[in-house]
Amino acid sequence: EFNHFADMDEPGKGVFKNTTLLKLCENSDNVAVSVWNDFYASLNRPPKEDKRGALPFRVWEIYDDMAAFVRAGKVADYVCAAGVLAHYVGDACQPLHVSRLHHGRSAAESAVHSKYETEMLDRFAADLIAGINTRLKNKSAKPTVKGGHAAAIAVVELMRRTIQQLPPLSVINAFNAADGTQRLPKMFQTLGVRTIACMADGALTLARLWASAWKQGNGGKIAAAQLKTVDRAALQKKYNTPSFLKSRRLPDMTDLK
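Predicted model, so just to flag it, every value in this text is computed and none were measured. (Residues numbered from 1 in each chain as written. Predicted model: local features only at pLDDT ≥ 70, side-chain atom pairs only at ≥ 80, totals over all residues. Heavy atoms only, no water.)

> Describe helix α2 (residues 33–42), naming the residues involved and giving the relevant values.
Burial analysis of α2 places seven of its 10 residues in the buried class, the great majority of the element. On its buried face, α2 sits against α1 (21–24) and α3 (55–71). N44 occupies a position one or two residues after α2 and carries a positive phi of about 55°. (Buried < 20%, exposed > 50% of the residue type's maximum accessible area, 1.4 Å probe, protein only. Helix = DSSP H or I, 4+ residues; strand = E, 2+ residues; numbered from the N terminus. Contact = heavy atoms within 4.5 Å.)

> Report on the packing of helix α8 (residues 168–176) against helix α9 (residues 183–216), specifying residues and quantitative values.
The interhelical angle for the contact between α8 and α9, taken along N-to-C directions, is 155°, at an axis separation of 8 Å. Here α9 runs roughly antiparallel to α8, going by the angle between their axes. In terms of crossing hand, the pair formed by α8 and α9 is right-handed. Between α8 and α9, the residues in contact are S170, V171, A174 and F175 and R183, K186, M187, T190, L191 and R194, respectively. Here the residues of the contact of α8 with α9 are counted per class, giving five nonpolar, two polar and three charged. (Axes fitted to C-alpha atoms, helices over the stretch in contact; angles between N-to-C directions. Parallel < 35°, antiparallel > 145°, perpendicular 65-115°, else oblique. Left-handed = near helix turned anticlockwise from the far one by under 90°. Nonpolar A, V, L, I, M, F, W, Y, C, P; charged D, E, K, R; others polar.)

> Tell me about the environment of V98, and please be specific about residues and values.
Relative to the elements of secondary structure, V98 occurs in the loop between α4 (75–92) and α5 (112–123). With 70 residues separating them along the chain, V98 and P168 place their C-alpha atoms 8.7 Å apart. Every residue in contact with V98, bar those within four places of it in the chain, is listed here: A6, D7, M8, D9, D91, A92, M159 and I163.

> Mind laying out the state of the cysteines, listing which residues take part and the relevant values?
Scanning all chains against the criterion turns up zero disulfides. C93 supplies the cysteine sulfur nearest to C25, a cysteine that is in no disulfide, at a spacing of 18 Å. The thiol of C198 is unpaired, and the distance to the nearest cysteine sulfur, on C93, comes to 6.9 Å. (Disulfide = S-S within 2.5 Å.)

> Please give an account of unusual backbone geometry that cites residues and values.
In this structure, N44 takes a positive phi of about 55° despite not being glycine. At N218, a residue that is not glycine, the phi angle is positive and equals roughly 65°. Looking at the secondary structure, you find N218 in the loop between α9 and α10 (232–239). On the basis of relative accessibility, which here comes to 39%, the residue N218 falls in the partly exposed class.

> Give a detailed account of the packing of α3 against helix α7 (residues 148–165), specifying residues and quantitative values.
When two helices pack together, you describe them by how their axes are tilted relative to each other and by the distance separating the axes. At a closest axis distance of 8 Å, the pairing of α3 and α7 adopts a crossing angle of 140°. Relative to α7, the element α3 is oriented oblique. Of the two elements, α3 crosses α7, and the hand of that crossing is right-handed. Contacts between α3 and α7 involve L55, P56, V59, W60, Y63 and D64 on the former and, on the latter, G148, H149, A151, A152, V155, V156 and M159. Taken together, the residues that form the contact of α3 with α7 break down as 10 nonpolar, two polar and one charged.

> Give a description of the nonpolar core that names residues and reports values.
M8, W36, F57 and L209 are the most contacted members of the largest nonpolar core, which totals 55 residues. Among the secondary structure elements, those contributing two or more residues to this core are α1, α2, α3, α4, α7 and α9. Broken down by element, the residue count for this core peaks at 10 residues, all from α4. For F57, the residues in contact, after removing those within four places along its chain, are V31, A32, V33, W36, L250, M253 and L256. Among the nonpolar cores identified, the runner-up in size contains 21 residues, and V112, L128, L166 and C198 belong to it. (Core = buried A, V, L, I, M, F, W, Y, C linked by side-chain atoms within 4.5 Å.)

> Please provide a residue-by-residue account of the packing of aromatic side chains, values included.
A complete count under the given rule lists eight aromatic pairs for this structure. Plain terms: the ring middles of F39 and Y40 are 6.0 Å apart, the flat faces sit at 75° to each other, and that makes the pair edge-to-face. Comparing F39 with Y40, the two get one shared label, buried. Judged by centre distance (5.7 Å) and plane angle (5°), the ring pair of F69 and F244 falls under stacked. (Phe/Tyr/Trp six-rings, centres within 6.5 Å; stacked < 30°, edge-to-face > 60°.)

> Let's hear about the side chain of R183: which residues, and what values?
With respect to the element layout, R183 can be found in helix α9. No salt bridge is formed by the buried R183; the nearest opposite charge belongs to D179, separated by 5.7 Å. Separated by 2.9 Å, the side chain of R183 and the backbone oxygen of F175 make a polar contact. Sequence-distant contacts of R183, defined by excluding residues within four places in its chain, comprise K115, F175 and A178. (Lys, Arg positive; Asp, Glu negative; His and termini not counted. Salt bridge = Lys/Arg side-chain N within 4 Å of Asp/Glu carboxyl O. Polar contact = N/O pair within 3.5 Å; in protein donor to acceptor, adjacent residues only side chain to side chain.)

Listed below in structure tokens is the structure:
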């Protein structure tokens, strides 16, 4: 679960006092496992509470695997990995997945995450999809990323734009503005346009990562006969195999350099 988020606005302590991961990563050299591990260590949390969000680094791993799959002609593996990557990039364009305020500021606000990311999105799915399609019309995703580190930087910048476009506190305030049957409509009225903007940004970033990994793996040399629909059962089998895109925690990712 730690790989699906990163509290980019969490204030650091010690040598990281008065800064955050978002601020640190204005310097792209700080999109580094060693820096992030040092930052989290500065918080001096008990082991059970030491939740080191690793979202950009999980993207780094998957991106590199995708390029390698293409290079090896493993189209089905690439497609499955691309689907997994969608989960992480999708999380990166949701303000409550990239903030210390992911479950509000108190127990009274603890339901904000599910109300916003699940119930509101489900209730207004048609409006969201229509809005996203409108924003993406005539947009193209050029393969401008090269390498896992660049992919991680691209996702950090997506997280930055997400928080700027829709500050987490705005989501909490909209949650508190109404209750009962009026809560979800009020939230969508207040947050809908900006939510659409964030999700469209996420979709475009995801497509750019897909295209970049394909190009980096020299996908243009893959025979046309291999470019066909991949059997869903085959994808499910790969996804459910623990060794496929094996997940690691941030302290174990020190080889990412």
